[in-house]
Amino acid sequence: SADTAAPALEQRPVAGETKWTAYGCGPGSSLMVRQVKATEPVFFEAAATVNGQTTVGLLLPREHELELGHGMCSGGFSFKPGARVSVVLTPVDFAGNRGAPSEPLTFTAPGP
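A few points on the structure. (Residues numbered from 1 in each chain as written. Predicted model: local features only at pLDDT ≥ 70, side-chain atom pairs only at ≥ 80, totals over all residues. Heavy atoms only, no water.)

Some points on the overall build of the chain
So, point 1. When you go through the chain residue by residue, the secondary structure sums to zero helices and seven strands.
So, point 2. Going from N to C terminus, the chain has its helices and strands arranged as β-β-β-β-β-β-β.
So, point 3. Against the globule reference of 13 Å for 112 residues, the chain gives a C-alpha radius of gyration of 14 Å, in line with a compact fold.
So, point 4. C-alpha extents for the chain along the principal axes are approximately 50 × 25 × 20 Å.
So, point 5. In the chain, which comprises 112 residues, the share counted as buried stands at 36%.
So, point 6. Counting contacts in the chain only where the partners sit at least 6 residues apart, residues at least 24 apart contribute 59% of the total.
So, point 7. The positive charge centre, built from 8 side chains, and the negative charge centre, built from 10, are 10 Å apart in the chain. (Helix = DSSP H or I, 4+ residues; strand = E, 2+ residues; numbered from the N terminus. Rg over C-alpha atoms; globule rule 2.2 N^0.38 Å. Buried < 20%, exposed > 50% of the residue type's maximum accessible area, 1.4 Å probe, protein only. Contact = heavy atoms within 4.5 Å. Lys, Arg positive; Asp, Glu negative; His and termini not counted. Charge placed at Lys NZ, Arg CZ, Asp CG, Glu CD.)

So this is what it looks like as structure tokens:
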């Protein structure tokens, strides 16, 4: 039978440390989000808002953590140093069922 049950967060995601690193082809800037665990295997829709502009990406958690940002040469989100960022995470299961979104996480993007 078809999966019609929406996934749910098991706990509230928590903003962890931010990281900024100078690489040869550009800087890496990211936020670690901890406690990203749902009631079933999911990926997360991350909606990051900076200055009223929202960027959406789909991310797979690793060991109940997500890294939001940009690495040496690519990434789903590029945050300018000092920007105030608000992120909402929504669990989505592999059948496409969407769970309730998290409370917004806010942080200041790191810089040199």
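Points about the pairing of strand β3 (residues 42-50)
So, point 1. With seven of its nine residues buried, β3 lies for the most part within the structure.
So, point 2. Where β3 lies against strand β6 (residues 84-93), eight bridges are found, and the strand directions are antiparallel. Looking at β6, one finds that T49 is bridged to S86.
So, point 3. Alignment of β3 against strand β4 (residues 53-59), held across seven bridges, turns out to be antiparallel. When the bridges of β4 are listed, F44 appears paired with L59.
So, point 4. Joining the antiparallel neighbours β3 and β4 is a turn of two residues, in which N51 adopts a positive phi near 50 degrees. (Pairing = 2+ DSSP bridges.)

Examining the sheet that holds strand β1 (residues 14-23)
Adjacent strands of a sheet form backbone hydrogen bonds with each other and so pair up, either parallel or antiparallel.
So, point 1. Spatially, β1-β2-β5 is the arrangement adopted by the three strands of the open sheet, whose pairing is antiparallel. Edge positions in the sheet fall to β1 and β5 (65-70), since each of these pairs with one other strand and no more. Across the sheet, the mean angle from the axis of one strand to that of its neighbour is 20 degrees, orientation sign disregarded.
So, point 2. Pairing of β1 with strand β2 (residues 26-34) involves eight bridges; the strand directions are antiparallel. The residue bridging T18 from the neighbouring strand is L31, located in β2. (Axes fitted to C-alpha atoms, helices over the stretch in contact; angles between N-to-C directions.)

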